[in-house]
Amino acid sequence: MRPETLIPLMVLLPLLAAPAIFALPRRLSEVWAWALFISVLNFAVAVAVVVFAYLPAPGSEVSRLSEGGFFLTGAGWPWLEDFGLRISFGLDAISLWLVVLTALLMPITVLASRTAVTERYREYYMWLLLLEAAMIGTFIATDVIFFYVCFEFTLVPMFFLIGIFGSTQRLKAARVFFLYTFTGSLLMLAGLIYLAYFNAAQDLATAAQTLAELRNIDVSEAQAWLAGQEQAAALGHWTFDIQALTFTAQTLMSPAQQGWLLLALLAGFAVKVPLFPVHTWLPLAHTEAPTAGSVILAGVLLKLGTYGLIRFALPMCPEAVVTFAPYIGVLAVIAILYTALICWVQTDVKRLIAYSSVSHLGFCVLGLFAIDAERHIGQSGAVMYMINHGLSTGALFLCIGMIYERFHTRELAAMSGLGRVMPVWAFFFVLFCLASVGLPGLNGFIGEFLTLVGAFLATDTLGMGFAIAAGFGMILAAIYILYMVGKVIWGPTKVPESHDHNRDAAHAGEAHHGPAVRDLNRREIAVLSPLAALCIFIGLYPFPMLQSLDKPVMTLTRPAAEVVAERADARSEAEREQAARTFEAIERDATREGRR
Amino acid sequence: MNPMVEKLAGLGPEIILLIGAVACLFIGLMRPPGTRRITPAVAGLSLVACILLPAAWHALTSDEPTEAAGVTRLLHMGLAETAFAAYVKLAVAGIGLLLLLVAVRAPEQLPQTDETESGRVPFDPANTTRGEFYAFFLFSLTGVMLCASADSLIWLLLALELTSLPTYIMVVMTRDRISAQEAAVKYFFLGAMAVAMFLYGFALMYGAAGTVQIYSPAYAPEATSIHGYISGLREAGEALPPEMLIGLILAVIGISFKIAAVPMHFYTADVYQGASTPVTALLAFVPKTAGFVALIILLAAVGWPLPPALAILLWVMAAATMTVGNVLGLVQTSVKRALAYSSIAHSGYMLIGLIVGLSLVGGANGGDAGQAITGPFEVTALQNGLAGVLFYLVAYGVGNLAAFGVLACLRSRGEEADTYDDIAGLRHRDGGLAAVLLLGMISLIGLPPLAGFIGKLYLFAPAFTTGQTALVWLVVIALLNSAISAVYYLRIAATAYFAEPEGDVTVVPSAARRAGTMIAGILTVIIGLFAGAFGLTTLANQAVDLPITVWPEAAETMQVPESK
């Protein structure tokens, strides 16, 4: 078997297993076991993919991962050949780690849902697996329409997960979630089709002309340059290949065209991230979703937005990105500070974590748009942040889900001092809270620090002011998280009254005379410990991951970095000229004075 | 060869359907009840035969090899003179078969027919409508097929009326309610007004061009035709004379009644709600197809890009149609009415394809934009707006049929299911129907990867290729409209899946109706996933083989209309 086949397998496995799980087994335990088996199997495939990523490709010395580009690519299957549309796939380090994150979170959520979902469970696990297929599909796609298909298809399973299994306001939440993100991504689709048309409408001659006008070079020179480019072969054909379209967009589109394209892409991705001011769907959806839904929403679905930004927006419209970066930076800083303040006044723990996601993703966007001429610290940090946020916030939602399962409340006021009655749970909760705040030594720190440094150093686009303002966000994050931890874990013990006697078989006997609150059972510890281990591991030893991200992130940000460098050159040239002119004028004056 | 024989050779499917219709009339009135019972089977058989027999005949007698490869062979099976007509006939026969499955037992919804057919009262030909119903059903489909072969205004007029007249009666003959009678009368009078309008338009066109021929027929290529007349004018750089332009505008507005587009959409909700659901499913597909086919034929005589007056008219109609349809769809309390408005909105989307027509601009065709070229020619699929319309008709047809089919399968307190309450908790009553409803809704929203998504891609992408900013904005309006439409489509799906069942709702015990609905639901998935593998998109692209002229003046022809 060729290693390339593993990549579509990660989509096909859950996709085909989902209807089977809906149709075949009857009992909850069977359904659950099968769902767990499939998701663990898929995680094993993902691990195998990681192994292949670290092995060299045939005929090559270095590992696939360190080559930097897409690896394990496959042309896949034609879908609509008239349209130039294929189901093609491939991975680079960015998508690899996000795929692994997805494949890891899935068995964990399945494991965590064992007791939470007891009704309509066949539907539940079917939608979960379909969601996994769609999410992985989004990350492995190398064809924009295939990407779009998976990106959009995540809405349907999520709509049902929230709508059927959510809490009281679930219907509204499901609908708001769907409509918000659907509207945004439709505009993105318009942008992508426009880009494909732009590519199809060019041929080498017109392309050379456009290029010559854009770059102020000779037509013949442009022609020669284009002839040397591999991706130029796709010009004049209908294709939706990401690399071909990226090439066309970054080299041949005028700044105005790139601006429109960026706006269209932002319409889709900013809603998904979510960026202030289009974040309002998120708290509702997160709060109302079942635990598994929140974990996947925070862990993976939000990353579809930032992943889209780095995969499409940065390389496709570098000119526009550099021009718009300060404005988007302002929005990101507003998101960081404003939602941090909102977090502070929340009374519902889950809502607090939900809002903190908006704040955290603000850092991510800030890092993405911290474009610097030489370094790409901000972008690497943003990708690290995406993965780490998925781990720590996903884990926090799991912790809160465990509390909710026991007490059927998430009100801050209803509980305190749980550290005394549930020490194991308290340990994990504090660990993940600290990871989420960005305590050095834990994973959250890496991304947060790098994005801030990136913003600080990128003086041409963002600069110190942004970094300082965002830094305040870190302080606020510490305040609201520690405030919550203090209330929930320490203080006088107060256990919510409406707590439910445990439904777990292992504890069924002691439910009536045993301790009123039981700590985590083995299954729940198994749910949280891999995440905790990863939080600590990545926090202490982030280098392999950072190193693997270096090249792909550089490839994606280089066009924008070049734009920054060009503009800086132009500016310093203008300054030099200005200085020279001033100097001359002074000299002239001096000689005139002298003559006099 | 005799032109009459030549003409008839391409009308095999229509002739067979007419024979089938007459047979239905007779069999439906036979005295033995067993014979009467097979009437729907006869109708179905004639739908199958109308494709298979001419194809078999063609395969046996024709000795000229067809050059078409793969799936486009379907268009050269001797079903019609043009691939365009062949495509329409295939689509109408295919979806017609599903519509027929859903319509089985529809005539028995009328009490006297039910009593007669169930043997409770002695047989009296005056008291049963079974024969008429299926005959009219087939007549209506015949009308659409004839539309596609039309090459003269008279033919087009008669074919359009053959499509519509039976539907007026079908509305009233399947439901014993005052609202059905109201719907039928409304439908009939407004329809008559629309006919008067486009007939007047046809008359003006005849006055200007001096002929009723739209295209010169194949046996007399030199004959004068409206296409030739307009081409001559455009070639000389002259504007169309006002009587021709007004004629075209009146024709377009008149025919917009058939497709339920603004400004002729007012009847839609009342008529769709008043008619019994299987008939509504037919109304939402058959006259619409006929209308779009007629519009394509008429506009093709003008050639693309359209003259500014027509382009602006269609632009405004498209924008208004989708917006009115979707916004009013939002506020409905009846699922049937919501679907009626959705059917209006989808006409708005399809109008975009008509404005785009064919676009030869750009490198993908290697086309030289400086000259007028007359087709048929090869165009890249995504630059062919007409193919988008043809494909969308099918994609919309199955999605819509899935939705109406599910409604037709449900009865609430002995009446037809209509409100949101009636489909509440459908999942508990019948999981299969709920799943079909969900698929239909997802497809109508245009969510990937179902048929509706491919349809929308095929409709909207060509709009970019004309290089006209106004069309890009129209696509943006259409996409925002898709988002609006998602609100009520989701509400329908959510009601079926999330709400608790209430009231006395039963599932109609009709295997045929259920099968038709299920097949439509499955088709939304199959068309979505395998449209490429089965070559359906190629088929639609190859089907645009009318003698269309594409004119050189590109971007400047149309200004952005004033914002509405």
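Cut-offs applied
Residues numbered from 1 in each chain as written. Chains lettered and ligands numbered in written order. Predicted model: local features only at pLDDT ≥ 70, side-chain atom pairs only at ≥ 80, totals over all residues. Helix = DSSP H or I, 4+ residues; strand = E, 2+ residues; numbered from the N terminus. Rg over C-alpha atoms; globule rule 2.2 N^0.38 Å. Buried ≥ 20, exposed ≤ 12 C-beta atoms within 10 Å, placed from the backbone. Contact = placed C-beta atoms within 7 Å. Nonpolar A, V, L, I, M, F, W, Y, C, P; charged D, E, K, R; others polar. pLDDT = per-residue confidence, 0-100. Expected span 1.5 Å × (residues − 1). Bend = angle between axes of the 7 residues up to and from the residue. Pairing = 2+ DSSP bridges. Axes fitted to C-alpha atoms, helices over the stretch in contact; angles between N-to-C directions. Parallel < 35°, antiparallel > 145°, perpendicular 65-115°, else oblique. Core = buried A, V, L, I, M, F, W, Y, C linked by C-beta atoms within 7 Å. Left-handed = near helix turned anticlockwise from the far one by under 90°.

The secondary structure content of chain B amounts to 23 helices and five strands. Against the 2.2 N^0.38 benchmark of 24 Å for 564 residues, chain B shows a C-alpha radius of gyration of 23 Å, consistent with a compact globule. Projected onto its principal axes, the C-alpha positions of chain B cover 70 × 55 × 45 Å. Considering chain B as a whole, with its 564 residues, one finds that 60% of them fall into the buried category. Pairs at least 24 apart in sequence give 80% of the contacts found in chain B among residues at least 6 apart.

Secondary structure assignment for chain A yields 23 helices and two strands. Along the first, second and third principal axes, the C-alpha atoms of chain A reach 105 × 65 × 45 Å. In chain A, which comprises 596 residues, the share counted as buried stands at 57%. Partitioning the intrachain contacts of chain A with sequence separation of at least 6 by distance along the chain shows that 78% fall at a separation of at least 24.

The interface of chain A with chain B comprises 35 residues on the first partner and 31 residues on the second. Those elements giving two or more residues to the side of chain A that touches chain B turn out to be strand E1 (71-80), helix H6 (144-153), helix H7 (155-165) and helix H8 (170-201) of chain A. Ranked by the residues each element gives to the side of chain A that touches chain B, the list is headed by H8 of chain A, at 15 residues. Here the residues of the side of chain A that touches chain B are counted per class, giving 24 nonpolar, six polar and five charged.

Another point: the confidence of the model for chain B. Residues and elements named next belong to chain B. Here chain B averages 87 in pLDDT, and 94% of its residues register 70 or above. pLDDT under 50 marks residues 362-369. Its contacts with residues more than four places away, or in other chains, come to 26 contacts. Predicted confidence is poor over residues 554-564, with pLDDT under 50, and the contacts of this stretch with residues over four places away or in other chains come to 22 contacts. For this predicted complex, the interface score ipTM comes out at 0.88, alongside a pTM of 0.91.

Attention shifts here to helix H4 (residues 39-61) of chain B. Working note: α-helix, 3.6 residues per turn, so residues spaced by three or four point in the same direction. Here H4 of chain B spans 32 Å end to end across 23 residues, near enough to the 33 Å set by a 1.5 Å rise per residue. At alanine 49 of chain B, H4 of chain B is bent by approximately 35°, the largest bend along its length.

Residue and element names in this part refer to chain A. With five bridges connecting them, E1 and strand E2 (residues 85-91) associate as antiparallel partners. For leucine 80, the partnering residue across the bridge sits in E2 and is leucine 85. A loop of four residues connects E1 with E2, the two strands running antiparallel in sequence, and glycine 84 in this loop sits at a positive phi of about 70°.

Let's shift gears to the packing of helix H4 (residues 93-112) of chain A against helix H17 (residues 377-407) of chain A. Residues and elements named next belong to chain A. For the pair H4 and H17, the least separation of the axes is 10 Å and the interaxial angle reads 5°. One finds that H4 runs roughly parallel with respect to H17. Residues Ile94, Trp97, Leu98, Leu101, Leu105 and Ala112 of H4 form the contact with H17, whose own contacting residues are Val383, Met386, Ile387, Gly390, Gly394, Leu398 and Gly401. Of the residues contributing to the contact of H4 with H17, the split by class is ten nonpolar, three polar and no charged.

What follows is about the nonpolar core. Core analysis: the largest hydrophobic core is formed by 451 residues, its most contacted members being Val321 of chain A together with Tyr87 and Ile352 of chain B. In contact with valine 321 of chain A, not counting residues within four places along its chain, are Leu262, Ala313, Leu314, Phe369, Ile371 and Ala560 of chain A.

Another aspect to go through is the environment of phenylalanine 70 of chain A. All names here are of chain A. You can see phenylalanine 70 is positioned in the loop between helix H3 (64-67) and E1. Each C-alpha atom, one on phenylalanine 70 and one on glutamine 243, is 9.7 Å from the other, the two residues being 173 residues apart in sequence. Ignoring any residue separated from it by four or fewer positions in sequence, one finds phenylalanine 70 in contact with Gly90, Leu91, Asp92 and Thr142.

Right, let's get into the packing of helix H14 (residues 291-316) of chain A against helix H23 (residues 543-595) of chain A. Helix-helix packing is described using two parameters, namely the angle between the two axes and the distance between the axes. Residues and elements named next belong to chain A. Between H14 and H23, the shortest axis-to-axis distance is 8 Å and the interhelical angle comes to 30°. Between H14 and H23, the angle is such that the two are roughly parallel. Every pair of crossing elements has a handedness; the one defined by H14 and H23 is left-handed. Taken together, the residues of H23 that come into contact with H14 (itself represented by Ile310, Arg311, Leu314 and Pro315) are Leu556, Thr557, Pro559 and Ala560. Of the residues contributing to the contact of H14 with H23, the split by class is six nonpolar, one polar and one charged.

The next subject is the sheet that holds strand E4 (residues 505-507) of chain B. Consider a sheet: its strands pair through backbone hydrogen bonds, and that pairing is either parallel or antiparallel. Residues and elements named next belong to chain B. Taken in spatial order, the three strands line up as E3-E2-E4 in an open sheet, and their pairing is antiparallel. Lying at the two open borders of the sheet, with one neighbouring strand each, are strand E3 (415-416) and E4. Two strands pair when backbone bridges link them, and strand E2 (residues 410-412) and E4 are joined in this way by three bridges, in the antiparallel orientation. Each residue of the ladder has a partner; that of leucine 410, found in E4, is valine 507.

Residue and element names in this part refer to chain B. Within the secondary structure, glycine 528 is located in helix H22 (residues 511-530). Between the alpha carbons of glycine 528 and valine 104 there is a distance of 27 Å; along the sequence they are 424 residues apart. Discounting chain neighbours no more than four positions away, the residues touching glycine 528 are Pro449, Leu450, Ala451, Phe453 and Ile454.

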